[in-house]
Amino acid sequence: MTILEMDYLGTDEIKQVILNFQKEVMPGKPIQESLVDEFAVALKGLTEYEILNLLALAYSRRGDLYREDLSLIFDQKQQMIKKAGILEMIPLNETMEDIGGLENLKEWFKRKAKVYKNMDKASAYGVDMPKGVLIAGVPGCGKSLNAKAAAKLFEVPLLRLDMGRLMGKYVGESEGNLRKAIALAEAISPCVLWIDELEKAFAGIGESGGGAEVTTRLFGNFLTWMQEKTSPVFVVATANNITKLPPELLRKGRFDEIFYVGLPNAEEREKIFQIHISKRRKQDLNDINIRTLVDKTSGFSGADIEGVVKDAVEAAFADDKNGVKTEDLLEAVKNTNSLSEIMADSLKKMEEEYKSRKFKNASK
Ligand code: ADP
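Residues numbered from 1 in each chain as written. Predicted model: local features only at pLDDT ≥ 70, side-chain atom pairs only at ≥ 80, totals over all residues. Heavy atoms only, no water.

Visitor: Describe the site of the ligand, and please don't skip the residues or the numbers.
Guide: The full set close to the ligand counts 16 residues, and Gly 100, Gly 140, Lys 143, Ser 144 and Glu 306 are the nearest of them. Measuring from an oxygen atom of the ligand, one finds a backbone N or O atom of Gly 140 at 2.8 Å. With respect to the ligand, the backbone of Ala 303 contributes an N or O atom lying 3.5 Å from an oxygen atom. At the level of secondary structure, the elements contributing two or more residues to the shell around the ligand comprise helix H7 (143-154), helix H13 (266-281) and helix H15 (302-318). Considering only residue class, the shell around the ligand consists of 7 nonpolar, 6 polar and 3 charged. Of the domains in this structure, domain 2 (96-261) and domain 3 (266-342) are the two that each give at least three residues to the shell around the ligand. (Near = heavy atom within 4 Å. Polar contact = N/O pair within 3.5 Å; in protein donor to acceptor, adjacent residues only side chain to side chain. Helix = DSSP H or I, 4+ residues; strand = E, 2+ residues; numbered from the N terminus. Nonpolar A, V, L, I, M, F, W, Y, C, P; charged D, E, K, R; others polar. Domains from an automatic or database assignment.)

In structure tokens form, the structure reads like this:
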């Protein structure tokens, strides 16, 4: 038996499919060249059959192909990728402005974005293709938020790799799934590939037993890909607990940089309060004494602060108040068990671990 691996279509091949479709289905209605280019980019990562189906669907709506159909294609593509099971296309709603603090990390992303968006010029200049970043640290402090904002900044799609679903129950299935996921990401590239909770995927490496062997093999494949990758797939891996990660992963050459995200300091908490109050009750922002809130929330994570704002806004609404006041927020602070209360010991250990490994601090 011969196994044939189907390659995804390249951009030029997709353009040809579009032009053939135009000739056969809508003769006499040429499509602008720039629009063909945009369609081709939007259709990357789909098979010829799927591309033809999508074009037919778009055409059937209004008897022509318009730029507005790109959003239809985007939505449908999202569905198709989801059905394939291993990757998920995440809508880009967050920007770097939605992140309070973490200035070092944000600056780093902005530099990479400049390289990434001008890759031809940068590589002619001698700059290497960016590989990706590992963001590790305290839960609820903006790691996922950064993955999403990075894709928005790079102006490329965001694909999330679900490591849980990657693990198949048959021999060789997991490796096959990883290969498929990587091939799909490369076909859709340029893109950001977000690997969430990296430590969960690669826990148990080096131990004995059937499951551990699969993980070790999978990990080897992943490392090789990271090391040799030349495609514009920018990997953003996030992890809550780096102590469980195998040391090979942390060596130079895999990721461009490893950042540590800790609990927000006073200045960062102030910005996070401002962001989340503005999102919900912008009109109340000037009357709220944020300094007082900052003083009372040492040890709170970004997610804790968001929770406080949410609770206070809901309570004020339920009590028929005109607006949200500092007292309402303070009340919510009182009723919140902050992250550092819940997991004080492990936070301390984590912080020491990061310091000893000399990871870059995401905050200034
Ligand atoms: P994790 O670090 O566990 O990936 P997330 O990025 O998912 O945490 O954060 C959870 C939520 O908490 C976010 O959706 C956001 O609303 C809020 N949040 C966390 N950190 C910040 C931050 N630095 N600035 C603004 N909001 C934040």
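Structure's up, so let's keep going.
Visitor: Tell me about the pattern of salt bridges, residues and numbers included.
Guide: Under the criterion given, the structure shown has 17 salt bridges. One salt bridge connects Lys 321 with Asp 328, and the closest N-O pair in it is separated by 2.6 Å. The exposure class assigned to Lys 321 is partly exposed, which follows from its relative accessible area of 42%. Salt bridges sharing partners connect three or more residues here, namely Arg 61, Arg 62 and Asp 69. (Salt bridge = Lys/Arg side-chain N within 4 Å of Asp/Glu carboxyl O. Buried < 20%, exposed > 50% of the residue type's maximum accessible area, 1.4 Å probe, protein only.)

Visitor: Residues and numbers for the nonpolar core, please.
Guide: Core analysis: the largest hydrophobic core is formed by 42 residues, its most contacted members being Leu 87, Leu 134, Leu 161, Leu 193, Ile 195, Leu 198 and Ile 242. Non-local contacts of Ile 195, meaning those with residues more than four positions away in its chain, are made with Leu 161, Met 163, Phe 222, Val 235, Val 236, Ala 237 and Thr 238. Formed by 29 residues, the second largest nonpolar core is a distinct cluster that contains Leu 105, Phe 109, Val 138 and Leu 347. (Core = buried A, V, L, I, M, F, W, Y, C linked by side-chain atoms within 4.5 Å. Contact = heavy atoms within 4.5 Å.)

Everything listed is a geometric property; what it means functionally is a separate question.
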